[in-house]
Amino acid sequence: MVSREQKRAAMYKKLQLLRSVTNSHAHSKTSIILDASKYIEELKQKVEQLNQEVAMAQNSSNEQIPMPVVRVEAKEKGFLINVLTESSCPGLLVFILEAFEELGLDVLQARVSCSSSFHLEAIGGKENTQGLVEHVDAQVVKQAVLRAIENWNESSEQE
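Each value, and the rule that gives it
Residues numbered from 1 in each chain as written. Predicted model: local features only at pLDDT ≥ 70, side-chain atom pairs only at ≥ 80, totals over all residues. Heavy atoms only, no water. Core = buried A, V, L, I, M, F, W, Y, C linked by side-chain atoms within 4.5 Å. Buried < 20%, exposed > 50% of the residue type's maximum accessible area, 1.4 Å probe, protein only. Helix = DSSP H or I, 4+ residues; strand = E, 2+ residues; numbered from the N terminus. Contact = heavy atoms within 4.5 Å. Phe/Tyr/Trp six-rings, centres within 6.5 Å; stacked < 30°, edge-to-face > 60°.

## Brief notes about the nonpolar core
One finds Ile81, Val83, Val141 and Val145 to be the most contacted residues of the largest nonpolar core, which totals 20 residues. At the level of secondary structure, the elements contributing two or more residues to this core comprise strand E1 (69-74), strand E2 (79-85), helix H3 (92-103), strand E4 (118-127) and helix H4 (138-158). For this core, the element with the most residues is H4, which contributes six residues. Excluding its chain neighbours within four sequence positions, the residues that come into contact with isoleucine 81 are Val70, Arg71, Val72, Phe100, Leu120, Glu121, Ala122, Val141 and Val145.

## Considerations on the packing of aromatic side chains
The full count for this structure, using the stated rule, is one aromatic pair. When the centroid spacing of 5.7 Å and the interplanar angle of 65° are considered together, the rings of phenylalanine 79 and phenylalanine 100 count as edge-to-face. On the criterion of sequence distance, the pair formed by phenylalanine 79 in strand E2 and phenylalanine 100 in helix H3 is long-range, its members being 21 residues apart. Across the pair, exposure class does not vary: phenylalanine 79 and phenylalanine 100 are buried alike.

The following block contains the structure:
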């Protein structure tokens, strides 16, 4: 039968392994697990980002209008969004801003270029009744922007 100390030693080894894999500097079990959770979320975002880039590469090889690459990062207060594509995409900015409006998001700062390619970099958030910026779920924002891009794509194909 396994003793309590052997179980504790095994748990300690596993926590230390988890701590080293996630580059955590935490010492408590709870903090190590929270750091690991954040690390997993970052990895999920990177996988999604790579999947989008692969899809974009496949689309461009089919000589279609390449779908923009969308990256959304949650910040302490609000979010940072990047939308990139190789073509100019006239009208896309309007669709994206309408998606923000539907979510009740405010654009706090933005930089847009759409001459030979389309590039949007924006910092945004959602203000509560006290005027403070609330935390925004990056996945919700990303899905809304992707829907806006699909709507733009459908409307531009009809023209």
